[in-house]
Amino acid sequence: VWHQYDGTRVNIYANRYVAGTGWGTAGLIETDNAGPAYYPQVAVDGSGDAVAVWYQSDGTRYNIYANRYVAGTGWGTAGLIETDNAGGAASPQVAVDGSGNAVAVWHQSDGTRYNIYANRYVAGTGWGTAGLIETDNAGSAVSPQVAVDGSGDAVAVWHQSDGTRNNIWANRYVAGTGWG
């Protein structure tokens, strides 16, 4: 996955490599022409299914979008996975477990500071509701990363200012229980 300028705006494209066959044809995986889209990330499960996330302007602020690739079927329709319009969102990351469930994390402004949000994709059900996963309001929290194990449990990490220095924070998601 990558972002590419088409002469009008920056869009998100993807291409797939199949062992023994080679590269396919690149294709657009988002169609929202309100504003530019940047810095996609992708995660793939053992079945060859994938989830891509990126941030994209709606003309007012940046939002987090996702699209899912199903092996043998192709890319679905891109969709918004966060709905908090207090401020812009950026730096999405995504991880997928062996069952095709995904966790996406990003930082988003509340108008005062950046906070860390997450949303979970459940195979066969779709995306849930995005939620705040850090609550220390001492300073901005940015640059999240996420990893998921084979059971669907996840760990998100980020750095956050305490007003003096940046510290590393983490939160754990337990499948069936939620975020700590």
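Residues numbered from 1 in each chain as written. Predicted model: local features only at pLDDT ≥ 70, side-chain atom pairs only at ≥ 80, totals over all residues. Heavy atoms only, no water.

Peer 1: Whenever I open this one, the overall build of the protein chain confuses me. Can you help?
Peer 2: Helix and strand content of the protein chain: 0 helices and 19 strands. Against the globule reference of 16 Å for 180 residues, the protein chain gives a C-alpha radius of gyration of 16 Å, in line with a compact fold. Expressed as lengths along the three principal axes of its C-alpha atoms, the size of the protein chain is roughly 55 × 40 × 25 Å. Counting all 180 residues of the protein chain, 42% fall into the buried class. Across the protein chain, every contact between residues at least 6 apart in sequence was considered, and the portion connecting residues at least 24 apart equals 37%. Carbon and sulfur atoms provide 48% of the accessible area of the protein chain, an area that totals close to 8800 Å². Averaging the positions of the 8 positive and the 15 negative side-chain charges in the protein chain gives two centres separated by 1 Å. (Helix = DSSP H or I, 4+ residues; strand = E, 2+ residues; numbered from the N terminus. Rg over C-alpha atoms; globule rule 2.2 N^0.38 Å. Buried < 20%, exposed > 50% of the residue type's maximum accessible area, 1.4 Å probe, protein only. Contact = heavy atoms within 4.5 Å. Areas by Shrake-Rupley, 256 points an atom, 1.4 Å probe, with all protein chains shown as cover. Lys, Arg positive; Asp, Glu negative; His and termini not counted. Charge placed at Lys NZ, Arg CZ, Asp CG, Glu CD.)

Peer 1: Please explain the side chain of glutamate 82 as it appears in this structure.
Peer 2: Its place among the elements puts glutamate 82 in the loop between strand 10 (79-80) and strand 11 (89-96). Within the buried core, glutamate 82 has no salt-bridge partner, and the shortest N-O distance to an opposite charge, that of arginine 61, equals 7.5 Å. Within the structure, the side chain of glutamate 82 is placed 3.2 Å from the backbone nitrogen of aspartate 84, a separation counted as a polar contact. Among the polar contacts made by the side chain of glutamate 82, one reaches the side chain of glutamine 108 at a distance of 3.0 Å. Each residue touching glutamate 82, except ones within four places of it in the same chain, is listed here: Tyr62, Asn63, Ile64, Ala89, Trp106, Gln108 and Ala130. (Salt bridge = Lys/Arg side-chain N within 4 Å of Asp/Glu carboxyl O. Polar contact = N/O pair within 3.5 Å; in protein donor to acceptor, adjacent residues only side chain to side chain.)

Peer 1: Just checking my understanding: could you explain the pairing of strand 18 (residues 166-174) for this structure?
Peer 2: Consecutive residues of a regular strand have side chains that alternate between opposite faces of the sheet. Sheet analysis places strand 17 (residues 154-161) next to strand 18, joined by 8 bridges and oriented antiparallel. Within strand 18, the position partnered with valine 155 by the bridge is arginine 172. From the end of strand 17 to the start of strand 18, which pair antiparallel, there are 4 residues, and glycine 163 there has a positive phi angle of about 100°. Note: strand 18 against strand 19 (residues 178-179), 2 bridges, orientation antiparallel. When the bridges of strand 19 are listed, tyrosine 173 appears paired with tryptophan 179. Connecting strand 18 to the antiparallel partner strand 19 that follows it, the hairpin turn spans 3 residues, and glycine 176 within it adopts a positive phi of roughly 85°. (Pairing = 2+ DSSP bridges.)

Peer 1: So what exactly am I meant to see when it comes to the sheet that holds strand 1 (residues 2-5) here?
Peer 2: Pairing between the strands of a sheet comes from backbone hydrogen bonds, and it takes one of two forms, parallel or antiparallel. Reading across from one edge, 1-2-5 is the order of the 3 strands in this open sheet, with antiparallel pairing throughout. Edge positions in the sheet fall to strand 1 and strand 5 (27-28), since each of these pairs with one other strand and no more. Pairing geometry for strand 1 and strand 2 (residues 10-14), over 4 bridges, is antiparallel. Bridge pairing links histidine 3 to isoleucine 12 in strand 2.

Peer 1: Would you explain the sheet that holds strand 19 in this entry?
Peer 2: Read from one edge of the open sheet, 4 strands run 16-17-18-19, paired in antiparallel fashion. The open sheet is flanked by strand 16 (141-148) and strand 19, the only strands paired with a single partner.

Peer 1: Can you walk me through the pairing of strand 16 in this structure?
Peer 2: As paired strands, strand 16 and strand 17 are joined by 6 bridges and run antiparallel to one another. Bridge pairing in strand 17 links alanine 147 to valine 155. In this structure, the hairpin formed by strand 16 and strand 17 is closed by a connection of 5 residues, where glycine 152 is found at a positive phi of approximately 90°.

Peer 1: Hey, could you run me through the packing of aromatic side chains in this one?
Peer 2: Each aromatic ring pair is characterised by the separation of its centres together with the angle its planes make. Inspection of the entire model under this criterion finds 12 aromatic pairs. Residues tyrosine 38 and tyrosine 62 carry aromatic rings whose centres are separated by 6.2 Å and whose planes lie at 50° to one another, so their mutual orientation is tilted. With tyrosine 38 in strand 6 (residues 37-44) and tyrosine 62 in strand 8 (residues 62-70), this residue pair connects regions lying 24 residues apart in the sequence. The exposure class of tyrosine 62 is partly exposed, given its relative accessible area of 29%. With a centroid separation of 5.4 Å and 65° between ring planes, the pair formed by tyrosine 69 and tryptophan 75 is classed as edge-to-face. Tyrosine 69 sits in the buried class, given a relative accessible area of 12%. The class for tryptophan 75 is partly exposed, based on a relative accessible area of 29%. An aromatic cluster of three or more residues is present, and its members are Tyr38, Tyr39, Tyr55 and Tyr62. (Phe/Tyr/Trp six-rings, centres within 6.5 Å; stacked < 30°, edge-to-face > 60°.)

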